[in-house]
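# Geometric and topological summary
Listed below are the residues making up each chain.
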Amino acid sequence: MTSEQYSRRQLMSLGAAAVLSPALRLYPAASAAVAGRACWLSALACLPFLFLYAFLLCRFAGKRREGEGMGELTMRALENKLGRAVLGLFGLWLLLYAGFVLRAAAERFTVALFPRSRPAFFVVTLGLSAALAALCSPRALVRMARMLFPVLLGVILLLLLFSLKQIDVENLLPLTAEDTLPVLRGALPVGEVLLLGLYAPAFLLGGAEKRAGGFGALALWLTGLCLLLSALAAAVIGCFGAEITAKLTLPFFTLVRNLVFFRTLERLEALVVALWLFPDFLLASLALLASQHCLRLLAGFAPAYLGEGLFTLSRGRWIIWLCGAFAIALGLLLAPTDNALALWSERIIPTGQYIAAGLLLIIYMAGNVKKGL
């Protein structure tokens, strides 16, 4: 069995499908709160900064050896205790994020479809599914994302097309030079959403082919996603206005609820919310896969999948079960109230995302200074 289980293009599909989960939960409400009617430009304003990050990340990933992912590269760049400590931080952060994803996904189901239910059932169900995905070959999850992403993208584009008739241009224009700074501030939530899709799949690079470059493909990936987010923001802001959008809990699903299909009021939000179970599953599974990879490597085990059965505990696979159980526990205990969930969603998680993404660049620079790469 070769180390090449999937392609980098398939990994990008996994990242793209996974980031649809936070994108459609957070955006554009978070940007509208600071950028107002101009927030539909925030995703495009974020693009140059994302290009720079992707370029540096590609340079870092280009230093890897055959079969290495970002975890192995981190250990080699920092060496000894510092490398192990940083790898442990990444593992714990990704595990915390997996628990938060379970909690946030459960909230969407309870708010949009089952307002009288409790999130615990959805947390446990989605958490067990993600844990099972982490126990299986990463290739299955990557290929699943490759098949699902075009379907998810097609649904979004179709819904945006139907929203055109309901857009009020006065909610989007005019714009002035005074909107420049708010637009840049509104780019922060965009970066928080898309950065995870860049750095989390990098921990799974050990199963992909080793080739130089890759920035061009990532640049196209980022451009497409930023254009999609810009169109989504224009649709939501155009329909509801910036002030209302900033207060919406689930902007995209509120838009779907108010769409008119073929001159009749067809209630499709239940179907769309159910369909969005897949990005939630892919995101939680990606975070668990990357987390267990870091923690098994930290414990001295080779984290590559070699065809083991689900209940095999050798080679540190018990860590995967532990990670799954811990993520579910976090999903059940994290943010018990709406205010607490808002705090995690708007402050703690975005801050953690930027710290984690920036830490990889610091490791890259430290590795170059030490000439260990």
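In this report, the structure presented in the accompanying data block is examined. (Residues numbered from 1 in each chain as written. Predicted model: local features only at pLDDT ≥ 70, side-chain atom pairs only at ≥ 80, totals over all residues. Heavy atoms only, no water.)

Two residues of an α-helix separated by three or four positions point the same way, owing to the 3.6 residues in each turn. In a regular helix each residue adds 1.5 Å, so 22 residues correspond to 32 Å; helix H13 (residues 277-298) covers 31 Å between its end C-alpha atoms and thus fits that length. With 19 of 22 residues buried, H13 is to be regarded as a mostly interior element. Directly after H13, the chain includes Gly 300, whose backbone phi takes a positive value near 95°. (Helix = DSSP H or I, 4+ residues; strand = E, 2+ residues; numbered from the N terminus. Expected span 1.5 Å × (residues − 1). Buried < 20%, exposed > 50% of the residue type's maximum accessible area, 1.4 Å probe, protein only.)

So, on to the packing of helix H3 (residues 42-61) against helix H8 (residues 180-199). Relative orientation of the contacting elements H3 and H8 amounts to 40°, with a least axis distance of 8 Å. Between H3 and H8, the angle falls in the class oblique. The two elements H3 and H8 cross, and the hand of that crossing is right-handed. Two secondary-structure elements touch here, H3 through Ser 42, Ala 43, Ala 45, Cys 46, Leu 50, Tyr 53, Ala 54 and Leu 57 and H8 through Val 183, Leu 184, Gly 186, Ala 187, Val 190, Gly 191, Leu 194, Leu 195, Leu 198 and Tyr 199. (Axes fitted to C-alpha atoms, helices over the stretch in contact; angles between N-to-C directions. Parallel < 35°, antiparallel > 145°, perpendicular 65-115°, else oblique. Left-handed = near helix turned anticlockwise from the far one by under 90°. Contact = heavy atoms within 4.5 Å.)

What follows is about the pattern of salt bridges. Per the counting criterion, the structure on display carries three salt bridges. Note that Asp 280 is salt-bridged to Arg 108, the shortest N-O span being 2.3 Å. Here Asp 280 is found in helix H13, whereas its partner Arg 108 is found in helix H5 (residues 80-112), with 172 residues between them in sequence. (Salt bridge = Lys/Arg side-chain N within 4 Å of Asp/Glu carboxyl O.)

Now for a nonpolar patch on the surface. Together, Leu 132, Leu 310, Phe 311, Leu 313, Trp 318, Trp 321 and Leu 322 make up an exposed nonpolar region whose accessible area comes to about 740 Å². Among the elements that take part in the nonpolar patch, helix H14 (residues 318-333) stands out by supplying three residues, more than any other. Along the chain, Trp 321 falls in helix H14. Relative accessible area serves as the criterion here: at 34%, Trp 321 is assigned to the partly exposed category. (Patch = residues over 30% accessible without salt bridge, like charges linked within 9 Å, V, L, I, M, F, W, Y side chains within 5 Å. Areas by Shrake-Rupley, 256 points an atom, 1.4 Å probe, with all protein chains shown as cover.)

Mapping Ser 230 onto the fold places it in helix H9 (residues 215-240). We classify Ser 230 as buried; its relative accessible area is 7%. Ignoring anything within four residues of it in the chain, the contact list for Ser 230 reads Trp 40, Ala 43 and Leu 44.

Okay, the state of the cysteines next. What makes a disulfide is a covalent bond joining the sulfur atoms belonging to two cysteines. All told, the structure shown has zero disulfides when counted by the stated rule. Lacking any disulfide linkage, Cys 46 is separated from the closest cysteine sulfur, that of Cys 226, by 5.9 Å. (Disulfide = S-S within 2.5 Å.)

Moving on, we get to unusual backbone geometry. Across the junction of Leu 173 and Pro 174, the peptide omega takes the value 5°, indicating a cis bond. Along the polypeptide, Pro 174 turns up in the loop between helix H7 (138-163) and H8. Positive phi, normally seen in glycine, also occurs at Arg 315, with a value near 55°. Tracing the sequence through the fold places Arg 315 in the loop between H13 and H14. Phi is positive for Ala 335, close to 50°, though the residue is something other than glycine. Along the chain, the position of Ala 335 falls in the loop between H14 and helix H15 (338-369).

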